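One-letter residues, chain by chain:
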Amino acid sequence: MGGPFGQGFGGHGGRGHGPRGRRGGRARRGDVRASLLALLKERPMHGYEMIAEITERTGGAWRPSPGSIYPNLQLMEEEGLITAEEVGGKRLNSLTEAGRAVAEAGEAEPWAEAGREVDWEAVQEVGQALGAVDQAIRQVMTTGTEAQRAKGLAILTEARKKLYLVLAEDD
């Protein structure tokens, strides 16, 4: 049970990590490279500033990690698309002529798809429901008889099948 709902029974995901939580949401991710180029069209920026800009522009739905930003910046510098200079102890990135041409040819807001069509209220409701089911099944499995545990597992299996059938229905 990955995705925006956490890691499922016994996992640690899904609690306290909503769209504005410390890890950001589990929305569709944008194109890091295109997003960096689009931001640099506006003005020179340093890496963490770009992370903050993308996070803000997606309403917190996508917060790219430094591990995705900095390798892309390094590669774009090696390709001659950007230059980086030390300013105030930070590397300030700017587009080169070649970088500007690539950025101008790209999308204006490549981050726009990140988080679109994600109903965070519904995600939270499902997370709460899964948490309640998690507690119930744990109690059945730890305190129930063998017959009760088998019945609990059968209910979970049936629920999974019924959820897939919902997708198969015509609306």
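About the criteria used
Residues numbered from 1 in each chain as written. Predicted model: local features only at pLDDT ≥ 70, side-chain atom pairs only at ≥ 80, totals over all residues. Heavy atoms only, no water. Helix = DSSP H or I, 4+ residues; strand = E, 2+ residues; numbered from the N terminus. Buried < 20%, exposed > 50% of the residue type's maximum accessible area, 1.4 Å probe, protein only. Contact = heavy atoms within 4.5 Å. Areas by Shrake-Rupley, 256 points an atom, 1.4 Å probe, with all protein chains shown as cover. pLDDT = per-residue confidence, 0-100. Salt bridge = Lys/Arg side-chain N within 4 Å of Asp/Glu carboxyl O. Core = buried A, V, L, I, M, F, W, Y, C linked by side-chain atoms within 4.5 Å. Axes fitted to C-alpha atoms, helices over the stretch in contact; angles between N-to-C directions. Parallel < 35°, antiparallel > 145°, perpendicular 65-115°, else oblique. Left-handed = near helix turned anticlockwise from the far one by under 90°. Nonpolar A, V, L, I, M, F, W, Y, C, P; charged D, E, K, R; others polar. Pairing = 2+ DSSP bridges. Polar contact = N/O pair within 3.5 Å; in protein donor to acceptor, adjacent residues only side chain to side chain.

**Looking at the overall build of the protein**
Okay, so step 1: Secondary structure summary: the protein contains six helices and two strands in total.
Okay, so step 2: If you list the helices and strands of the protein from N to C, you get α-α-α-β-β-α-α-α.
Okay, so step 3: Per-residue burial over the protein gives 30% buried out of 171 residues.
Okay, so step 4: Within the protein, contacts between residues at least 6 apart in sequence are counted, and of these 57% link residues at least 24 apart.
Okay, so step 5: Element-wise, carbon and sulfur atoms account for 53% of the exposed surface of the protein, whose accessible area totals about 11,100 Å².

**A short note on the confidence of the model for the protein**
Okay, so step 1: Per-chain confidence: the protein averages 82 in pLDDT, with 78% of residues scoring 70 or above.
Okay, so step 2: Here residues 1–28 is modelled with pLDDT under 50, and outside its nearest four sequence neighbours on either side it reaches 56 contacts, counting other chains as well.

**Here's the deal with the pattern of salt bridges**
Okay, so step 1: A complete count under the given rule lists nine salt bridges for this structure.
Okay, so step 2: R57 is the partner of E53 in a salt bridge, and the nearest nitrogen-oxygen pair spans 2.9 Å. With E53 and R57 both in helix α2 (residues 47–57) and four residues apart, the pair spans about one turn of that helix.

**Some remarks on the nonpolar core**
Okay, so step 1: L36, M50, L73, M76 and I82 are the most contacted members of the largest nonpolar core, which totals 20 residues.
Okay, so step 2: Mapped by element, the contributors of at least two residues to this core are α1 (32–42), α2 and α3 (66–78).
Okay, so step 3: Ignoring anything within four residues of it in the chain, the contact list for L36 reads M50, I69, N72, L73 and M76.

**Quick word on the side chain of N72**
Okay, so step 1: Along the polypeptide, N72 turns up in helix α3.
Okay, so step 2: Not counting the four nearest positions on each side in its chain, N72 is found in contact with V32, R33 and L36.

**Some details on the environment of M141**
Okay, so step 1: When you line up the elements, M141 lands in helix α5 (residues 120–143).
Okay, so step 2: Judged by relative accessible area, which is 33%, M141 ranks as partly exposed.
Okay, so step 3: Separated by twelve residues in sequence, M141 and L153 have C-alpha atoms that sit 8.7 Å apart.
Okay, so step 4: Excluding residues within four positions of it along the chain, M141 makes contact with R149 and L153.

**What about the packing of α1 against helix α4 (residues 97–105)?**
Okay, so step 1: Orientation of α1 relative to α4, taken along the N-to-C sense of each, is 110 degrees, at an axis distance of 9 Å. Relative to α4, α1 is oriented roughly perpendicular. α4 is crossed by α1, and the crossing has left-handed handedness. For the pair α1 and α4, the contacting residues are L37, L40 and K41 in the first and G99, R100, V102, A103 and E104 in the second.
Okay, so step 2: The class makeup of the residues in the contact of α1 with α4 is four nonpolar, one polar and three charged.

**Thoughts on the pairing of strand β1 (residues 82–87)**
Okay, so step 1: In the sheet, β1 pairs with strand β2 (residues 90–95) via six bridges, with the strands oriented antiparallel. Looking across to β2, one finds that E86 is bridged to R91.
Okay, so step 2: Between β1 and β2, which pair antiparallel in sequence order, lie two residues; one of them, G88, sits at a positive phi of approximately 60 degrees.

**Looking at α1**
Okay, so step 1: Every buried residue of α1 is accounted for by V32, S35, L36, L37, A38, L39 and L40.
Okay, so step 2: On the buried face of α1, the contacting elements are α2, α3, β1, β2 and α4.
Okay, so step 3: For α1, the capping residue at the N-terminal end is D31, with a side-chain oxygen 3.2 Å from the backbone nitrogen of R33.

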